[in-house]
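Per-entry structural report
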Amino acid sequence: MSVKDKVIEIIAEQAVLEPSDVTLESTLEDLGIDSLGLVESIFAIEEAFDITVPFNANEPTESDFDISNVASIIAGIEKLVSDQA
Amino acid sequence: MKRVVITGAGTINALGHNVADTLSSMREGKCGIGALDFRDVDRLAIKIGGQVHGFEAEGLFNRQQMALYDRFTQFALVAAREAVAQSGLTFSGELAAKSGVVMGTSGGGMQTLDENYRTVYEDGKNRVHPFVVPKLMNNAAASHVSMEFNLKGPSFTVATACASSNHAMSQAFQMVRSGMAPVMVTGGSESMLCFGGVKAWEGLRVMSKDGCRPFSANRNGMVQGEGAGMFVFEEYEHAKARGADILAEVAGFAMSSDASDIVMPSKQGAARAIAGALQDAGINREDVGYINAHGTGTAANDKTECSAVADVFGPHADNLMISSTKSMHGHLIGGTGAVELLACIMAVKDGVIAPTINYEEADPECALDVVPNQAREAKVDVALSNAFAFGGLNAVLALRAV
């Protein structure tokens, strides 16, 4: 499974949606994922790819990690996975 | 001062998953203590406990709730649902704004602690689930009860080891009696039956390997249990005006501290709490028909408790009944006083006295009527519930028939 598909699967599970309902343009707010849902998603992503996501819930916009929509999250994860390789 | 009555009760413990099953087990003198079943139990010296079996969170809570609720929170919610449903109350507007929840627990989210220590120490992982803190904090159960029932008034958690529930219910009682809150949801919850929880108790060498036999000369220690008890404490006129069923009146309470030893009980501290509760309730000692004992089944507690009762009640000590239901459900630590209050309600409301089971051999140092092995029918107007915690912190509640 590609990084993109896996991230969408994790986000969809958190949002209790089918992966097909999660688009690249969706924001977490669109998907009904709140702050606890976000940290739980990041945990699941870290577990799935064995990476550390530099995200601080106190300063979500200051983090190196862009969570503005699904596409930006996937791009961030792809970079972390390739940096690790 | 307002009068305070109990209009709802709920529980889950080793004797039953609700009040009716629990009280019928107590009447029949059933033992809920058996072989412990959890990971690494083979590495324990103590392998028995009053574990809750057949409890499935699925169906009771949604997926997000299950991810957020430690077992002690799940127990608290199940018991609170039963209690609030029985009361018939729904909380909105002014009633919601003023009513709250005070709970007792000793260990809080011990299952969560145990699992996640295992993750980082034993499995060597460097990442834990983000909900570890909101699951394990001692106030988690009280907070979730507050959220589920829209209780927006004074809400917090009390931790006084084995007296936590009694201290919590005392606080709730005071709030209703003073007029501060019309209704308080209160009680306690504990779930310490996991490897780390039992291992820690093992270290103290106060646990029995083979059974809980309070007041019996051959007793050899306490046995842990788990579960929750929750109640709705309501101002009497408020309950009467809406035609609520009243289970019992909370007549008074007292708390004391031994100020002497971190583990050894004190007769004086216990006696001051018992006498204080009678005084607070304005009850003559001759009117007390039943005491639900702290009765842990340790050598020290049971003789000290009997001696304190003898001191407070004088000749009447030989007329009253005193039993330890821990012989059946085990010691629920921070939740124990809440489950034991059910036995006091049964005494004053139904006229049934729960027995001390596993009683095998008389102990001259516990020479009271401990209702050995078989429940008894008796008319009781006033019942006391004792709790004497490690750390020397004592709390006694007095219930009266309505």
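As the structure is a prediction and not an experimental result, all values here were calculated from the model.

**Focus: the overall build of chain B**
Across its full length, chain B holds 14 helices and 14 strands. Along the first, second and third principal axes, the C-alpha atoms of chain B reach 65 × 55 × 40 Å. A burial count over chain B gives 59% of its 402 residues as buried.

**Some details on the overall build of chain A**
Of regular secondary structure, chain A possesses three helices and zero strands. Each helix and strand of chain A, placed in order from N terminus to C terminus, yields the pattern α-α-α. Since a compact globule built from 85 residues should have a radius of gyration of about 12 Å, the 12 Å found for chain A is in line with a globular shape. By its C-alpha atoms, chain A is 30 × 30 × 20 Å across when sized along the principal axes. Residues counted as buried form 21% of the 85 residues belonging to chain A. Taking contacts inside chain A between residues at least 6 apart in sequence as the whole, the part at least 24 apart equals 49%.

**Focus on the pairing of strand S6 (residues 183–190) of chain B**
Residue and element names in this part refer to chain B. Counting buried residues along S6, eight of its eight residues qualify, which places the element largely inside the surrounding structure. Alternating residues of S6 divide into Val183, Val185, Gly187 and Ser189 and Met184, Thr186, Gly188 and Glu190, and every residue in both groups is buried. Pairing between strand S4 (residues 100–104) and S6: five bridges, direction parallel. By the bridge assignment, glycine 104 is partnered in S6 with glycine 188.

**Looking at the environment of valine 4 of chain B**
With respect to the secondary-structure elements, valine 4 of chain B resides in strand S1 (residues 4–13). Considering only alpha carbons, one finds valine 4 of chain B and methionine 175 of chain B, 171 residues apart in sequence, at a separation of 9.6 Å.

**Points about helix H7 (residues 140–149) of chain B**
Since the α-helix packs 3.6 residues into each turn, any two residues three or four apart lie on the same face. All names here are of chain B. Taking burial as the measure, the 10 residues of H7 include seven buried ones, the bulk of the element. Taken together, the buried positions of H7 are Ala140, Ala141, Ala142, His144, Val145, Ser146 and Phe149. Packing partners of the buried residues in H7 comprise helix H3 (71–87), S4, helix H6 (132–136), strand S5 (156–158) and S6. After H7 finishes, the residue asparagine 150 shows a positive phi value of roughly 65°.

**Section: the domain arrangement of chain B**
All names here are of chain B. Each assigned domain of chain B is listed here: domain 1 (4–241) and domain 2 (254–400). Each of domain 1 and domain 2 was reduced to a C-alpha centroid, and the two centroids are 21 Å apart. Counting residues at the interface gives 61 residues for domain 1 and 55 residues for domain 2. If you list the elements that add at least two residues to the side of domain 1 that touches domain 2, you get S1, helix H1 (19–28), helix H8 (164–177), S6 and strand S7 (227–235). Partitioning the side of domain 1 that touches domain 2 into residue classes produces 25 nonpolar, 30 polar and six charged.

**Here's the deal with the nonpolar core**
Core analysis: the biggest nonpolar cluster contains 127 residues, and Ala76, Val185, Phe233, Ile274, Ala277, Ile345 and Leu399 of chain B have the highest contact counts within it. Counting residues per element, this core draws most heavily on helix H14 (residues 336–350) of chain B, which supplies 10 residues. Inspection of this core shows a minimum of three residues originating in each of domain 1 (4–241) and domain 2 (254–400) of chain B. With 13 residues, the next largest nonpolar core counts Ile8, Ile10, Ile11 and Val70 of chain A among its residues.

**A word on the packing of H1 of chain B against H14 of chain B**
The packing of two helices is summarised by the inter-axis angle and the distance between the axes. Residue and element names in this part refer to chain B. With their axes 11 Å apart at the nearest point, H1 and H14 run at an angle of 75° to one another. By the angle between their directions, the pair H1 and H14 is classed as roughly perpendicular. Residues Val19, Thr22, Leu23 and Met26 of H1 touch H14, and the partners they reach there are Leu342, Ala343 and Met346. A per-class count over the contact of H1 with H14 returns six nonpolar, one polar and no charged.

**Comments concerning helix H1 (residues 3–15) of chain A**
Residue and element names in this part refer to chain A. For H1, built from 13 residues, the straight-helix expectation of 18 Å at 1.5 Å per residue is met to within 8% by its first-to-last C-alpha distance of 18 Å. Three or more residues of H1 are buried, namely Val7, Ile8, Ile10, Ile11 and Gln14. The arc enclosing the buried residues of H1, seen along the axis, measures out at 160°, which places them on a common side. Close packing links the buried residues of H1 with helix H2 (35–49) and helix H3 (70–84). Two residues or fewer past H1, valine 16 is found with a positive phi of approximately 55°.

**Digging into the environment of valine 133 of chain B**
Residue and element names in this part refer to chain B. Its location among the elements puts valine 133 in helix H6. Accessibility expressed as a C-beta count within 10 Å gives 13 for valine 133, which makes it partly exposed. In sequence terms valine 133 and glycine 196 are 63 residues apart; their C-alpha atoms lie 18 Å from each other.

**With respect to the pairing of strand S14 (residues 393–400) of chain B**
Residues and elements named next belong to chain B. The buried fraction of S14 is high, at eight of eight residues. With burial as the criterion, each face of S14 is covered, one bearing Leu393, Ala395, Leu397 and Leu399 and the other bearing Asn394, Val396, Ala398 and Arg400. One ladder, built from eight bridges, connects strand S8 (residues 248–257) with S14; its direction is antiparallel. Each bridged residue has a counterpart across the sheet, and for methionine 255 the counterpart in S14 is alanine 395. For strand S13 (residues 382–388) and S14, the ladder comprises seven bridges, and the chain directions are antiparallel. Along S14, the bridge assignment pairs alanine 383 with leucine 399. Counted along the chain from S13 to the antiparallel partner S14, the turn is four residues long, and its residue glycine 391 has a positive phi close to 95°.

**Regarding the packing of helix H5 (residues 110–122) of chain B against helix H9 (residues 195–203) of chain B**
Residues and elements named next belong to chain B. At a minimum axis distance of 8 Å, the contact between H5 and H9 shows a crossing angle of 100°. Judged on the interaxial angle alone, H9 and H5 are roughly perpendicular. Every residue of H9 that contacts H5 at Met110, Leu113, Asp114 and Tyr117 is listed here: Phe195, Gly196 and Gly197.

Thresholds, definitions, all that
Residues numbered from 1 in each chain as written. Chains lettered and ligands numbered in written order. Predicted model: local features only at pLDDT ≥ 70, side-chain atom pairs only at ≥ 80, totals over all residues. Helix = DSSP H or I, 4+ residues; strand = E, 2+ residues; numbered from the N terminus. Buried ≥ 20, exposed ≤ 12 C-beta atoms within 10 Å, placed from the backbone. Rg over C-alpha atoms; globule rule 2.2 N^0.38 Å. Contact = placed C-beta atoms within 7 Å. Pairing = 2+ DSSP bridges. Domains from an automatic or database assignment. Nonpolar A, V, L, I, M, F, W, Y, C, P; charged D, E, K, R; others polar. Core = buried A, V, L, I, M, F, W, Y, C linked by C-beta atoms within 7 Å. Axes fitted to C-alpha atoms, helices over the stretch in contact; angles between N-to-C directions. Parallel < 35°, antiparallel > 145°, perpendicular 65-115°, else oblique. Expected span 1.5 Å × (residues − 1). Arc of directions from axis to C-beta.

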